[in-house]
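Examining the three-dimensional arrangement
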Amino acid sequence: MSGHVFISYSHAEASAYVERLGSFLAEAGVPVWYDKEIISGHRWAHVIRDQINACAAFIVIMTPDAERSDWVNREIDQAQHRNRPILPLLLKGERFFTLANLQYDNVATDAMPSQAFVSRLLELLQSPSPMPAQAPTTQEILDRFERAKRTREAGKYAEALRLQQEVLAERLRMLGPDHPDTLTSRAELACSTAGLGNHSQALNLHQDILADRLRLLGPDHRDTLASRQEIGFAHAELGEHTEALRLQRELLADRFRVLGADHPDTLDCRQYIAYCFGVMGANTEALRLYREILPDCNRVLGPDHPDTLMCRHQIAHYVGETQSKREGLRLANGLLADRHRVLGPDHIATIMSRQQIAANMATDGRKSEALRLFREILADATRVLGPDHPTTTLSAAWVASL
């Protein structure tokens, strides 16, 4: 037998449990290593890294505080980078999004892990140490980044977050924290965090990124302006609509000045302002703004661009809300056909169009037909996006209400 088992955990939530776990595993013949004190600093980081590199297996104690912990996430990244087997134990809360593909033992009652878990550790300790993963090339990292971005744009936020964390770890290692590509990876990760509904966390991430982009790129850089837009969006999602609108209007003036009226980012900002009016309940004003934007989107981006299609989605919604359910439904059906053609049946935007049509029918009194559609949408959303995705849970809420 050689090596040891590394235990990663949150001191605030799991110290007592880890002490008992260490004794339990030691009695079973499993040597363990974990940091018994909270020690910060560059030298201690090297100790943690070396212990992970030398371990035969990596246990992570899943608790809410551990999932938020920068230290725990760094330790997981290092274990993945060194190709170490990761065996999670769920002590509190829910399993980590980033480890969703791994089996885990539920020890939520402060129980010790199962005999099968211990046997697996003993097998790994007897096995030859795994070869460290070969460092990916710059092109491989770029390809992985693009795949993560496409995954996020398709609404698969948990999977995108996992991929983006892998890319960010590699870019930090290869490029350092101040490289523009590293900042871009951080921004993508924050967008996926927002997609999962964690808007307060996303706001904090985007504010940190904005500070770094202002320092490194300057106030007029396109990426700096993009961070300001994401901050405004986060405020809107947190219900701080007046602040969101103020931020977006200031940003629009700067994008006009720096990028011009026809730049896609400027058009996107105009859509965000219309969105802010909509969530504030000013539906007529939102509709007016979206109708002003649509011809420019068609001219600059083209009729099949996702932003053009999103503008049409919003127009269909607000026409149905303020003018005519029948006209709103006609517009939504036309949009669904185009999204199906351009994006495919399983894209989140296509599923959103189907939801819009079903919701329009439900509010128009066609409840039995709407229920049938929502049941079909729920099945597809669960298959494509997962049961916990906001789009899936919205469909489930409609099914329950009809």
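Residues numbered from 1 in each chain as written. Predicted model: local features only at pLDDT ≥ 70, side-chain atom pairs only at ≥ 80, totals over all residues. Heavy atoms only, no water.

Moving on, we come to empty space enclosed by the protein. Using the criterion set out here, one finds three cavities of 30 Å³ or more in the structure. In this structure, the largest cavity encloses a volume near 60 Å³. In this structure, the largest cavity is lined by N73, I76, D77, Q80, T98, R162, Q165 and E166. Where the lining of the largest cavity is concerned, the elements lending two or more residues are α4 (70-81) and α7 (157-175). (1 Å grid on protein atoms, 1.4 Å probe; cavity = no way out; pocket = protein on both sides within 12 Å on 5 of 7 lines; lining within 4 Å. Points joined across faces, edges and corners; volume = space filled by probe spheres on them. Helix = DSSP H or I, 4+ residues; strand = E, 2+ residues; numbered from the N terminus.)

On to the sheet that holds strand β4 (residues 86-90), then. Across the sheet, five strands lie side by side as β2-β1-β3-β4-β5; this open sheet has parallel pairing. The open sheet has two edge strands, β2 (32-33) and β5 (105-106), and neither has a second partner. Strand direction decides the pairing type here: β4 and β5, joined by two bridges, are parallel. Among the inter-strand pairings, L89 is bridged to a residue of β5, identified as D105. (Pairing = 2+ DSSP bridges.)

Mapped onto the elements, H389 comes out in the loop between α17 (367-385) and α18 (390-401). With a relative accessible area of 6%, H389 lands in the buried category. Only 2.6 Å separates the side chain of H389 from the backbone oxygen of G155, close enough to count as a polar contact. Dropping the residues within four chain positions of it, H389 is found in contact with G155, Y157 and I348. (Buried < 20%, exposed > 50% of the residue type's maximum accessible area, 1.4 Å probe, protein only. Polar contact = N/O pair within 3.5 Å; in protein donor to acceptor, adjacent residues only side chain to side chain. Contact = heavy atoms within 4.5 Å.)

Further remarks concern the environment of Q51. Along the chain, Q51 turns up in helix α2 (residues 42-54). The partly exposed category is assigned to Q51, whose relative accessible area is 22%. Separated by 181 residues in the primary sequence, Q51 and G232 place their C-alpha atoms 42 Å from one another. Those residues within four positions of Q51 in sequence are excluded, and the remaining contacts are H4, F6 and W33.

Okay, the pairing of strand β3 (residues 57-62) next. Counted residue by residue, β3 has six buried out of six residues, so it is predominantly covered. Direction of pairing for strand β1 (residues 5-8) relative to β3: parallel, over a ladder of four bridges. Along β3, the bridge assignment pairs F6 with F58. Judged from the five bridges that link them, β3 and β4 form a sheet pairing that is parallel.

A few words now on the nonpolar core. Grouped together as the largest cluster of nonpolar side chains are 25 residues, with contacts concentrated most on I357, M361 and F374. When contributions to this core are tallied by element, the ones reaching two or more residues are α7, α15 (325-343), α16 (348-363) and α17. The greatest single-element share of this core, amounting to eight residues, is contributed by α17. For M361, the residues in contact, after removing those within four places along its chain, are L329, R366, K367, E369, A370 and L373. (Core = buried A, V, L, I, M, F, W, Y, C linked by side-chain atoms within 4.5 Å.)

Scanning the model with the defined rule gives 31 salt bridges in all. The partner of R215 in a salt bridge is D212, and the shortest N-O contact between them spans 3.2 Å. Of this pair, R215 and D212 both sit in helix α9 (residues 199-216), separated by three residues, roughly a single helical turn. R246 is the partner of E243 in a salt bridge, and the nearest nitrogen-oxygen pair spans 2.6 Å. Within this pair, E243 and its partner R246 are both found in helix α11 (residues 241-258), separated by three residues, close to a single helical turn. (Salt bridge = Lys/Arg side-chain N within 4 Å of Asp/Glu carboxyl O.)

Looking at the protein chain, pLDDT values average 90 and 96% of them are 70 or higher. Of all helices and strands in the protein chain, the one with the weakest mean pLDDT is α2 (74), whereas helix α13 (residues 283-300) scores best (97). Contacts from residues 38-43, a stretch scored under 50 in pLDDT, to residues over four places away or in other chains number three contacts. (pLDDT = per-residue confidence, 0-100.)

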